[in-house]
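Analysis of the macromolecular model
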Amino acid sequence: MSKRFSFHYAWIVLIVTFFTLIVAAGVRSMPGILIVPLEKEFGWNRSAISFAVSVNLLLYGLVGPFAAGLMNRFGIKRIMVFALGLLISGILLTTIMRTNWELVVLWGVMVGFGSGMAALVLGATVVNRWFVSHRGLLMGILTASTATGQIIFLPFLASLTEQEGWRNAVYAVASILGILLPTVFFLMKDSPKQSGLLPYGAKSEEEGILPVSGNPFMEAISALRVGLRSRNFWLLAGSFFVCGASTNGLVGTHLVPACSDHGIPEVRAAGLLALMGIFDLIGTVGSGWLSDRVNNKILLFMYYGLRGISLLLLPQAFDPESNKLSIFAVFYGLDWIATVPPTVALTAKIFGREKVGLMFGWVVAFHQIGAAVAAFGAGYIRTVQGEYDLAFMFAGALCVITALGIFAVSTEKEEGKLSETPEFAS
């Protein structure tokens, strides 16, 4: 059947997954736009609102290592439908909230869990289950969905918030999710076998399918235990902690309200984040190309070092009459997730390619812990000092330290340590 037709259903699954990741990225981009309107309407201080955002970012990261296990147990389609339903419920209920704890429960917990299940682990699961050919390219395309969602949604939502109020922006996102949910329900399939197909590019039914060698939840916990005993894991996880703190947690969450503090309209500030998204696409693709050709530790040294310098200079760029912020947006966009390809490559070299998903899943969890800490910490600094300068300077210093520390990573393979753990034994 798969040989008779040139068009494979895997492409439908890929398209549905791509749009799901785009919309989920749009949802995750909303907090930066909502902080100032919520502050004005409810009188909540910046740190209180940022706490809900930090819970969201933390859960988004911690769900990742277990999301693949849920997909293996209950199927990709069911988890996608559940995640979208959770996002719709959490987002819509924020329109009738009255207290800060409700924001924490709705946006922090519900939206955090929902977005965590509709994240890149979804893309990795789909690509590895449905494709044998072009896996690297397709995973790169799905990774770029984060930037695409930011480009599409941020200017639109900022403009809608400014003209019609934040609730109408929330209704708009919920409506898009409402259209996506039945699309997923009717078009998404868990595996090629459901359609009587082989994975795209496969010559046999077994080819390209990654078997579940044990309890997926126990494998995730075992991977963490192995990682916590590894110096290299701590170095990679620590670097990604700083990566998350300096991107999603700080700039992604607080750049728009920081611009507002300096008299820069939200629509223009959201446009800066969208501009970052455009150059993020270029930077990520370029970094992937370079990671195959250049020492990955040198790449990470450059990425973190240049990011640190740009953050140290950022407080001087908030001038509505200059183009310094636009220059920052271009530069920072190129660097935004450029750290991912070399970090994945180092993780694979150290722990083995067959275990890279599990180990990198926990490295990403530390990324989101860093994002959560920075989201709350920057909001607290703004509440206490009335400005973000110290937060930007502190994050910049951490990036410079990380750039130097990355050379302590050893690329000696630690695969043997994994096989000593029963759950990893083949």
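Bear in mind that the values here come from a model prediction, so they are computed numbers and not experimental data.

1. Thoughts on the overall build of the protein
Assigned secondary structure in the protein consists of 18 helices and 0 strands. Computed over its C-alpha atoms, the radius of gyration of the protein comes to 21 Å, within 12% of the 22 Å expected for a compact globule of 426 residues. With respect to the three principal axes, the spread of C-alpha positions in the protein is 60 × 50 × 35 Å. For the protein, the residues scored as buried account for 54% of the 426 residues in total. The long-range share in the protein, meaning contacts at least 24 apart out of those at least 6 apart in sequence, stands at 85%. Surface summary for the protein: the accessible area is close to 17700 Å², and the carbon and sulfur share equals 66%. Put simply, the protein has 29 plus and 25 minus side-chain charges, and the middle of one group is 8 Å from the middle of the other.

2. Re the packing of aromatic side chains
In this structure the tally under the stated criterion is 18 aromatic pairs. An aromatic cluster is present here, built from Trp11, Phe131 and Tyr200 joined pairwise through their rings. Directly above the ring of tyrosine 9 sits lysine 189, whose terminal nitrogen or CZ lies 5.6 Å from the centroid.

3. Here we look at a nonpolar patch on the surface
On the surface, a nonpolar cluster with roughly 900 Å² of combined accessible area is contributed by Val294, Ile298, Phe301, Met302, Leu306, Ile309, Leu313, Phe331, Val400, Leu404 and Phe407. For the nonpolar patch, the secondary-structure elements that each account for two or more residues are helix H13 (296-313) and helix H17 (389-405). With 6 residues, the single largest contributor to the nonpolar patch is H13. With respect to the helices, strands and loops of the structure, phenylalanine 301 is situated in helix H13. The exposure class of phenylalanine 301 is partly exposed, given its relative accessible area of 32%.

4. A look at the pattern of salt bridges
Scanning the entire structure with this criterion turns up 5 salt bridges. Its salt-bridge partner being arginine 382, residue aspartate 261 comes within 2.7 Å of it at the nearest N-O pair. One end of the pair, aspartate 261, is in helix H11 (residues 231-261); the other, arginine 382, is in helix H16 (residues 356-385), and 121 residues separate them in sequence. Since its relative accessible area comes to 32%, aspartate 261 is described here as partly exposed. For aspartate 335, the salt bridge identified is with arginine 307, shortest N-O distance 2.9 Å. Remark: arginine 307 occurs in helix H13 and aspartate 335 occurs in helix H14 (residues 324-335); sequence separation between them is 28 residues. In this structure, aspartate 335 and arginine 307 share a single accessibility class: buried. Taken together, the shared-partner salt bridges in this structure form one network comprising Glu39, Arg46, Asp261 and Arg382.

5. Observations concerning the domain arrangement of the protein
Taken domain by domain, the protein comprises domain 1 (10-191) and domain 2 (217-411). The C-alpha-based centres of domain 1 and domain 2 are spaced at 20 Å. Listed as interface residues are 34 residues of domain 1 and, on the opposing side, 38 residues of domain 2. With both sides pooled, the region where domain 1 packs onto domain 2 buries about 2900 Å², and carbon together with sulfur makes up 74% of that total. Taken as a group, Arg46, Leu57 and Phe66 account for 20% of the area that domain 1 buries against domain 2, more than any other trio of residues on that side. Taken together, the links from domain 1 to domain 2 amount to 1 salt bridge. Measuring nitrogen to oxygen at the nearest pair gives 3.5 Å for the salt bridge that ties arginine 46 to aspartate 261. One can count 4 residue pairs in polar contact (both at pLDDT 80 or more) joining domain 1 with domain 2. Where the side of domain 1 that touches domain 2 is concerned, the elements lending two or more residues are helix H2 (31-42), helix H3 (46-74) and helix H8 (145-164).

6. Quick notes on the environment of alanine 395
Position of alanine 395 relative to the elements: it lies in helix H17. C-alpha separation for the pair alanine 395 and isoleucine 350, spaced 45 residues apart in sequence, amounts to 28 Å. In contact with alanine 395, not counting residues within four places along its chain, are Leu250 and Leu311.

7. Focus: the packing of H3 against H11
Where H3 contacts H11, the two axes come as close as 11 Å, and the packing angle between them is 155 degrees. What the angle tells us is that H3 and H11 run roughly antiparallel. For the pair H3 and H11, the crossing hand works out as right-handed. Contacts between H3 and H11 pair Arg46, Ser50, Val53 and Leu57 from the former with Asn248, Gly249, Thr253, His254, Pro257 and Asp261 from the latter. Considering only residue class, the contact of H3 with H11 consists of 3 nonpolar, 5 polar and 2 charged.

8. Let's talk about helix H5 (residues 100-117)
Relative to the 26 Å expected for 18 residues at 1.5 Å per residue, H5 spans 25 Å between its end C-alpha atoms, a close match to the ideal helical length. The largest bend in H5 is about 30 degrees, located at valine 111. Summarising burial for H5: 13 of the 18 residues are buried, a large majority.

9. Brief notes about the environment of threonine 347
Relative to the elements of secondary structure, threonine 347 occurs in helix H15 (residues 340-351). In sequence terms threonine 347 and valine 363 are 16 residues apart; their C-alpha atoms lie 8.9 Å from each other.

10. Quick word on the nonpolar core
Nonpolar side chains in soluble globular proteins tend to be buried together. One finds Ile91, Leu177, Leu250, Val251, Met276, Leu311 and Phe318 to be the most contacted residues of the largest nonpolar core, which totals 96 residues. Two domains each provide a minimum of three residues to this core, namely domain 1 (10-191) and domain 2 (217-411). Look past the residues within four positions of leucine 311 in its chain and what remains in contact with it is Ser246, Leu250, Val251, Phe328, Tyr332, Phe392, Ala395, Gly396 and Cys399. Counting 25 residues, the second largest nonpolar core, distinct from the first, contains Ala223, Phe233, Leu236 and Cys243.

11. Describing the environment of phenylalanine 74
On the secondary structure map, phenylalanine 74 appears in helix H3. According to the relative accessible area criterion, phenylalanine 74 is partly exposed, its value standing at 42%. For the pair phenylalanine 74 and alanine 10, spaced 64 residues apart in sequence, the C-alpha to C-alpha distance is 20 Å.

The rules we used
- The numbering scheme is per chain: residues are counted from 1 as the chain's sequence reads.
- Where totals are concerned, whole chains, interfaces and linings use all residues; where local detail is concerned, this predicted model gives features only for residues with pLDDT of at least 70, and gives and counts side-chain atom pairs only at 80 or more.
- Excluded from the side-chain calculation are hydrogens and water; included are all heavy atoms of the structure.
- Put simply, DSSP H or I for four residues or longer makes a helix, DSSP E for two residues or longer makes a strand, and each gets a number counted from the N terminus.
- Atoms considered for the radius of gyration are the C-alpha atoms alone. The globule rule reads 2.2 Å times the number of residues to the power 0.38.
- Only protein chains enter the accessibility calculation, which uses a 1.4 Å probe; a residue is then buried when its area is under 20% of its type maximum, exposed when over 50%, and partly exposed in between.
- What makes two residues a contact is simply this: any of their non-hydrogen atoms within 4.5 Å.
- For the area figures, the Shrake-Rupley method with a 1.4 Å probe applies, and any residue is considered shielded solely by the protein chains shown.
- When charges are counted, neither His nor the chain ends are considered; positive counts come from Lys and Arg and negative counts from Asp and Glu.
- In this description, the location of a charge corresponds to atom NZ of lysine, CZ of arginine, CG of aspartate or CD of glutamate.
- Each Phe, Tyr or Trp ring (for Trp, its six-membered ring) is paired with any other whose centre lies within 6.5 Å, and the angle between the two planes then decides the class: stacked below 30 degrees, edge-to-face above 60, tilted in between.
- Comment: the charge-over-ring label is applied if NZ (Lys) or CZ (Arg) is within 6 Å of the ring centre and within 35 degrees of the ring normal.
- Each patch is built from salt-bridge-free residues with over 30% relative accessible area, joining like charges within 9 Å and nonpolar side chains (Val, Leu, Ile, Met, Phe, Trp, Tyr) within 5 Å.
- A pairing counts as a salt bridge when a side-chain nitrogen of Lys or Arg comes within 4 Å of a carboxyl oxygen of Asp or Glu.
- Domain delimitation in this document rests on an assignment produced automatically or drawn from a domain database.
- Throughout, buried area stands for the accessible area (probe radius 1.4 Å) lost by two parts on being put together, summed over both.
- For this analysis, a polar contact is any N or O atom pair within 3.5 Å, provided that within protein one partner can donate a hydrogen and the other can accept it, and provided that sequence-adjacent residues contribute only side-chain to side-chain pairs.
- Fitting a line to C-alpha atoms yields each axis, with helices limited to the stretch in contact; the angle taken between N-to-C directions then spans 0 to 180 degrees.
- For this classification, under 35 degrees means roughly parallel, over 145 means roughly antiparallel, 65 to 115 means roughly perpendicular, and everything else is oblique.
- Crossing handedness: left-handed means the near helix sits turned counterclockwise from the far one by under a right angle, and right-handed means the same turn made clockwise.
- Residues are sorted three ways: Asp, Glu, Lys and Arg are charged, Ala, Val, Leu, Ile, Met, Phe, Trp, Tyr, Cys and Pro are nonpolar, and all the rest, Gly among them, are polar.
- A helix is expected to span 1.5 Å multiplied by its residue count minus one.
- Note that the bend at a residue is defined as the angle between axes fitted to the seven residues ending at it and the seven residues starting at it.
- For the purposes of this section, nonpolar cores are sets of buried Ala, Val, Leu, Ile, Met, Phe, Trp, Tyr and Cys residues that join through side-chain atoms within 4.5 Å.

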